[in-house]
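What follows is each chain in one-letter form.
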Amino acid sequence: MLPASDSSNYNARMARVSVGAYGTPRRWFQGSTYAECSCLVSDVTGPDREGQKGDQAEMEETRMMTARAKRLSGTWERLSQIAVKGAEHDSRERHPHPKCLEGTRVVLLNHIYESLDNKETNRLIWLHGTAGVGKSAVAFTVAERMRGLKVTEETHIEMRLAGTFFFSRKHTKRCMAGYFFATLAYQLAINFPSVKTHVNKAILENPSLLDPDKSLRHQMEALFLRSLRNLQRRLHECGSPPLVFIIDALDECKPESLNQSTSESLDNDKSESELAELISLLARALRDPGVPVTHILVTSRSEAYIREAMQDKHVRPLVCEIPVKITGESITTTISLDGADVDKDIYLFLEHSFRQQRSRCSTFPQPTKGQLERLANRAGRRFIVASTMMKFIDDRHNDPRDRLELMLELTSELLPGTEVYKLYDCILSTCADPSQAYLHLSIVATLADPLPISQISELLGPGQGRDVETVLVQLRSVVDIPADSSLPPPSCTIHRISALYARTFLSSLDNARYSRKHCPPGCALRIE
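Residues numbered from 1 in each chain as written. Predicted model: local features only at pLDDT ≥ 70, side-chain atom pairs only at ≥ 80, totals over all residues. Heavy atoms only, no water.

Asker: Got a minute to help me understand unusual backbone geometry in this structure?
Answerer: Leave glycine aside and you will find that most residues have negative phi; peptide bonds, for their part, are mostly trans. Residue Pro-96 is bonded to the preceding His-95 through a cis peptide linkage, with omega at 0 degrees. One can find Pro-96 in the loop between helix H2 (34-82) and helix H3 (106-116). Geometrically, the link from Ile-322 to Pro-323 is a cis peptide bond, its omega value of 20 degrees lying close to zero. Relative to the assigned elements, Pro-323 resides in the loop between strand S5 (319-322) and strand S6 (324-328). Although it is not a glycine, Ala-249 sits at a positive phi angle of roughly 55 degrees. Along the polypeptide, Ala-249 turns up in the loop between strand S3 (243-248) and helix H8 (262-287). Accessibility expressed as a relative area gives 5% for Ala-249, which makes it buried. With a phi close to 60 degrees, Arg-381 is a non-glycine residue in the positive phi region. Relative to the elements of secondary structure, Arg-381 occurs in the loop between helix H11 (369-378) and helix H12 (383-393). (Helix = DSSP H or I, 4+ residues; strand = E, 2+ residues; numbered from the N terminus. Buried < 20%, exposed > 50% of the residue type's maximum accessible area, 1.4 Å probe, protein only.)

The structure is reproduced here in structure tokens:
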């Protein structure tokens, strides 16, 4: 028994030590002698002090975990800021999105879909062609289809479309390779939440990965390749179909140069070398045995330096090239963006466009079948020409019947590839002041980044700048005009797929009649 003097202290002590720091029952002292109790109390108070230390350790661990969580949250926020949202296939920056009209490009799209469904080996599918033949429309259409396909039936958010990057030399962050892998890693982590932890950890270990000047190889390995490896086991076990990445306008992975100098050639060499490295790194990722079955669809113009990179001995085995010849039932067919079947597709596009306008306005002209065939034929198998024709006819400020007649007059014999130049010439000739329209179009075509109309007006000065909006409205078939002239970029810019043709047309000697004497002092124009 305990002495009476110690009774109250003992009871208080028992209440404190009977349950440990983690809620675990400690020792009970019933039936013990004082000496035994003393030993037991001594026994208990020792571990109790240890329990307090344990509490402190646990609190310290919690504090460290909280701090780490905050750092990871900050890391994800930084990645979110670096990732180029405008490069996503469905971004508002790219609106309106070019896409294939239902019933067109059927053979080409089916060939691409079959290639993307191949589970045997990773592929780099290279779709190439001249400007204006509809590469971006195909890329967007494929992206939309892949985004609608689940990795497994059980999932709600994990789709086959793992990431997209639509390059554009008209937008600063979309013409640089330095943001490429960070953007894809961000999209991949959004689609596959389990990847997010690994991406955050990589950035936490090396924050410089988010620097656009960082080595592309380091970015690819830490942000892209490591993320894909993390998915391999789970996707393999569930029998997932291949993941798909889509990269559009790879040739536009080079900024527009504003300076006519010898350094421009060096800049081009650097850009082409960097693009070749990018292709090599994508191929390296696809060759890695630790990644799930993955296909990358790449579109570009048929540039020599891109072809050279695709034919590298380490890249070539992975490449599925389109145009491609396919033999079936003793018939050889070439699948391409500008094959003979494109005339029919353009005819369907024009027919659909006129029908849409007729549903909006009952008096809108409806060309005959023969007239549609003539318009389709003069488009030169380039959707950009057909699209620009429709924008010109339906500018909502002029009689569409008169404009249709102007387009039909273009259907004389033209050299292949020159149809769009004749079209631009026609569009300028309909402006109230063709020379002034030429000047304004030249400026818009030359800008490295789009400018609001209000800033273009300031650039031209008090005289020429007064009527900028009035003049550009007459060019809406080739220029995007914002509703608010004070809007920040992107606002007033040539339609992305029209830009190359516009620059080439404007620099042509044939257009010398649109005098540059109207240029204000200090405003030197150079059209690439």
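Asker: I keep staring at the packing of helix H6 (residues 193-205) against helix H7 (residues 216-237) and nothing clicks. Help me out?
Answerer: To characterise two packed helices, one gives the angle between the axes of the helices and the distance between these axes. For the pair H6 and H7, interaxial distance at closest approach is 9 Å and the crossing angle is 145 degrees. Crossing geometry of H6 relative to H7 is assigned as right-handed. Taking contact as the criterion, the partners of Ser-194, Val-195, His-198, Val-199, Ala-202, Ile-203 and Glu-205 in H6 are, on H7, Ala-222, Leu-223, Arg-226, Ser-227, Asn-230 and Leu-231. (Axes fitted to C-alpha atoms, helices over the stretch in contact; angles between N-to-C directions. Left-handed = near helix turned anticlockwise from the far one by under 90°. Contact = heavy atoms within 4.5 Å.)

Asker: How do you make sense of the side chain of Glu-321 when you look at a structure like this?
Answerer: Tracing the backbone shows Glu-321 in strand S5. On the basis of relative accessible area, Glu-321 is assigned to the buried category, the value being 18%. In terms of polar contacts, Glu-321 uses its side chain to reach the side chain of His-128, at 2.8 Å. Among the polar contacts made by the side chain of Glu-321, one reaches the side chain of Arg-307 at a distance of 2.9 Å. (Polar contact = N/O pair within 3.5 Å; in protein donor to acceptor, adjacent residues only side chain to side chain.)

Asker: What is the right way to read the pairing of strand S4 (residues 294-300) from this model?
Answerer: Residues in a regular strand point their side chains to alternate faces of the sheet. Burial analysis of S4 places seven of its seven residues in the buried class, the great majority of the element. Residues Thr-294, Ile-296, Val-298 and Ser-300 line one face of S4 and the alternating positions His-295, Leu-297 and Thr-299 line the opposite face, and both faces are buried. Bridge count between strand S1 (residues 123-128) and S4: six bridges; the pairing is parallel. Paired with His-128 across the two strands is Ser-300, which belongs to S4. Of the strand pairs in this sheet, S3 and S4 are connected by five bridges, and their pairing is parallel. (Pairing = 2+ DSSP bridges.)

Asker: What exactly am I supposed to notice about the nonpolar core here?
Answerer: Counting 61 residues, the largest nonpolar core has Leu-124, Phe-167, Phe-180, Phe-181, Ile-279 and Met-310 as its most contacted members. Sorting elements by how many residues they give to this core places H7 first, with nine residues. Each residue touching Leu-124, except ones within four places of it in the same chain, is listed here: Ile-279, Leu-286, Ile-296, Val-298, Met-310, Val-315, Leu-318, Val-319 and Cys-320. In terms of nonpolar packing, the next biggest core, distinct from the first, is built from 46 residues, Val-342, Ile-346, Ile-456 and Val-479 among them. (Core = buried A, V, L, I, M, F, W, Y, C linked by side-chain atoms within 4.5 Å.)

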